[in-house]
Amino acid sequence: MTFTHPKVPSVASRSPQPKRVLVLGATGTIGQATVRALVRRGHEVVCFVRPRAGVGGRLDPSESTRLLAGATVRFGAVHDAASLRNDGFRGEHFDALVSCLASRTGAPRDAWAIDHEANVQAFEAARGTGVSHIVLLSAICVQKPLLAFQQAKLACEQALTESGLAYSIVRPTAFFKSLSGQVERVKQGKPYLVFGNGTLTACKPISDDDLADYLAGCLEDESRRNRVLPIGGPGDAITPRQQGEHLFALLGRPPRFRQVPVALLDGIIGVLGAAGLVVPSLAAKAELARIGRYYATESMLVLDPVTGRYDPDATPSTGNQTLFDFYASLIGGGAAPERGDHAVF
Ligand SMILES: NC(=O)c1ccc[n+]([C@@H]2O[C@H](COP(=O)([O-])OP(=O)(O)OC[C@H]3O[C@@H](n4cnc5c(N)ncnc54)[C@H](OP(=O)(O)O)[C@@H]3O)[C@@H](O)[C@H]2O)c1
């Protein structure tokens, strides 16, 4: 599903040096937006996607091709080195690789297979094709890697920095889709759910198009080369409580919150973790609960290594699309984003 934002992305000018770019993870939320941004800038874009793509494998090849208009779409298995080489790169010349590839579940095995192994394999495969620059979509949360998927991503980042190829590792803050799961329930008159009092964490939300434009800009901006780049959206950092307050204000209703104790998640993690020793499927659910707890208690802002505190002022901003504009469009009847498997609330 494509969300058309009322404000256009901040930078959409054509690249002075169009490049031939292979994109992985093109059917994901940020991948789709990144393909649009690269095409807008005049790059020649080739996407390598699975034959059944999208949330729940809903997209067949013709739908993926339609979704990624302006790009050439090729099909195969990204985790299979031979398919990547023969069906993806096809022995052709590319200037750059952009990877927005990520496990859809965040479950440990999937994260190591996709966020780490498939990406590292692609870096190797790219080496022989002329690729001189790799842009990797990562996540700001890898700066405090407590979860398996964060460790997988961090190991991937390290492999890229040690590859000898030029790189731009982009670590965004929270996406709009991850912060809009409660719009519908609040519209229906239900209270807004927060962990603690709703001020345990903060983030600088970034829109799909603003992030995509930043990723595409890495191909042209020398200052983004060989750098790890934390990036948030425009404006001040906001807490979950402020998100809820704004939603109620947009609906013209008095704010109503329900506070969920973090200890509840600890209890769930404990029970599922113990049961998971016997039933593997419950171990996977325990990991999802750990992911939920992480986002309930850790801010998506740059972490000051000296003080151990999250620092909104040290978190760079880009773009012009705000979460509150996005909420307004959703309340006005705009299409809700696909949230996939990552949803907590
Ligand atoms: N949500 C947030 O707030 C947030 C914040 C900061 C950073 N991030 C990070 O941003 C990254 C991308 O997020 P997103 O929302 O764009 O992800 P997404 O929508 O889940 O897209 C993931 C992409 O990876 C592909 N993929 C996954 N497993 C695959 C497999 N086995 N074989 C081939 N392709 C596979 C998917 O292809 P299919 O369509 O075929 O499944 C899709 O194109 C993630 O690493 C996430 O950790 C997220």
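Now for a description of the structure that goes with this document. Just so it is clear, the structure is predicted and the values come from calculations on it, not from any experiment.

1. Focus: the overall build of the protein
At step 1: Helix and strand counts for the protein come out as 11 helices and 11 strands.
At step 2: Taken against the 2.2 N^0.38 rule, which gives 20 Å for 345 residues, the C-alpha radius of gyration of the protein at 20 Å falls within 12% of a compact globule.
At step 3: Principal-axis analysis of the C-alpha atoms places the extent of the protein at approximately 60 × 50 × 45 Å.
At step 4: Relative to its full complement of 345 residues, the protein shows a buried share of 48%.

2. A short note on the site of the ligand
At step 1: Residues in contact with the ligand amount to 25 residues; listed here are only the nearest, T27, G54, R104, K153 and K177.
At step 2: Side-chain polar atom of T27 to an oxygen atom of the ligand: 2.6 Å apart, as the coordinates give it.
At step 3: F175 has a polar backbone atom sitting 2.8 Å from an oxygen atom of the ligand.
At step 4: Here the ligand has 920 Å² of accessible area as a free molecule, and 90% of this is covered by the chains.
At step 5: Considered class by class, the residues forming the shell around the ligand number 13 nonpolar, 8 polar and 4 charged.

3. Considering helix α11 (residues 323–331)
At step 1: All of the buried residues in α11 are L323, F326, Y327, S329 and L330. Within α11, the buried residues cover an arc of 165° as seen down the axis, which keeps them to one side.
At step 2: Buried-residue contacts for α11 involve α6 (183–187), β7 (192–195) and α8 (240–251).
At step 3: Positive backbone phi, at 105°, marks G333, one or two positions downstream of α11.

4. Overview of the packing of aromatic side chains
Given two aromatic rings, one states the distance between the centres and the angle between the planes to describe the pair.
At step 1: In total, this model carries 6 aromatic pairs according to the counting rule given.
At step 2: Relative to F94, the ring of F89 has its centre 5.7 Å away and its plane inclined at 80°; by these criteria the two rings are edge-to-face. Of the two residues, F89 and F94, both sit in the buried class.
At step 3: We note R20 situated over the ring of F94; from NZ or CZ to the ring centre the distance is 4.4 Å.
At step 4: The ring of Y214 carries R224 above its face, with NZ or CZ at 4.0 Å from the centroid.

5. Looking at the nonpolar core
At step 1: V23, V35, L38, C47, V170, L211 and L215 are the most contacted members of the largest nonpolar core, which has 31 residues in total.
At step 2: When contributions to this core are tallied by element, the ones reaching two or more residues are β1 (20–24), α1 (29–40), β2 (44–49), β4 (96–99), β5 (133–137), α7 (208–217) and β8 (227–231).
At step 3: The contact partners of C47, leaving out residues within four places of it in the chain, are V23, A26, V35, L68, A71, T72, V73 and R74.
At step 4: Ranked by size, the runner-up nonpolar core spans 27 residues in total, among them A111, L179, V186 and V194.

So, how was this worked out
In every chain, residue numbers begin from 1 and rise along the written sequence. Given that the model is predicted, a residue must reach a pLDDT of at least 70 before its local features are reported, and side-chain atom pairs must reach 80 or more before they are shown or counted; all residues, however, enter totals for whole chains, interfaces and linings. Computation of side-chain values covers all heavy atoms of the structure but excludes hydrogens and water. Think of it this way: any DSSP run of H or I at least four residues long counts as a helix, any run of E at least two long counts as a strand, and we number them from the N terminus. This radius of gyration counts C-alpha atoms alone. The globule rule is 2.2 Å times how many residues there are, raised to the power 0.38. Per-residue accessibility, obtained with a 1.4 Å probe over protein chains only, is compared with the maximum for each type, and a residue is labelled buried under 20%, exposed over 50%, and partly exposed between these values. The near set for a molecule or strand comprises every residue that places at least one heavy atom within 4 Å of it. Nitrogen and oxygen atoms within 3.5 Å of one another constitute a polar contact, given that in protein one can donate a hydrogen and the other can accept it, and given that sequence-neighbouring residues count only through two side-chain atoms. Accessibility throughout is a Shrake-Rupley quantity obtained with a 1.4 Å probe, and a residue counts as covered only by protein chains that appear here. Side-chain classes are defined by residue name, with Ala, Val, Leu, Ile, Met, Phe, Trp, Tyr, Cys and Pro counting as nonpolar, Asp, Glu, Lys and Arg as charged, and the others, Gly among them, as polar. When we speak of the arc, we mean the arc of directions from the helix axis to the C-beta atoms. Contacts are assigned to residue pairs with any non-hydrogen atoms lying within 4.5 Å of each other. Ring geometry is summarised as follows: Phe, Tyr and Trp rings, the Trp one being its six-membered ring, pair when their centres sit within 6.5 Å, and such pairs are stacked at plane angles under 30 degrees, edge-to-face over 60 and tilted between the two. To sit over a ring, a charge needs its Lys NZ or Arg CZ within 6 Å of the ring centre and within 35 degrees of the ring normal. In plain words, nonpolar cores are sets of buried Ala, Val, Leu, Ile, Met, Phe, Trp, Tyr and Cys residues tied together by side-chain atoms within 4.5 Å.

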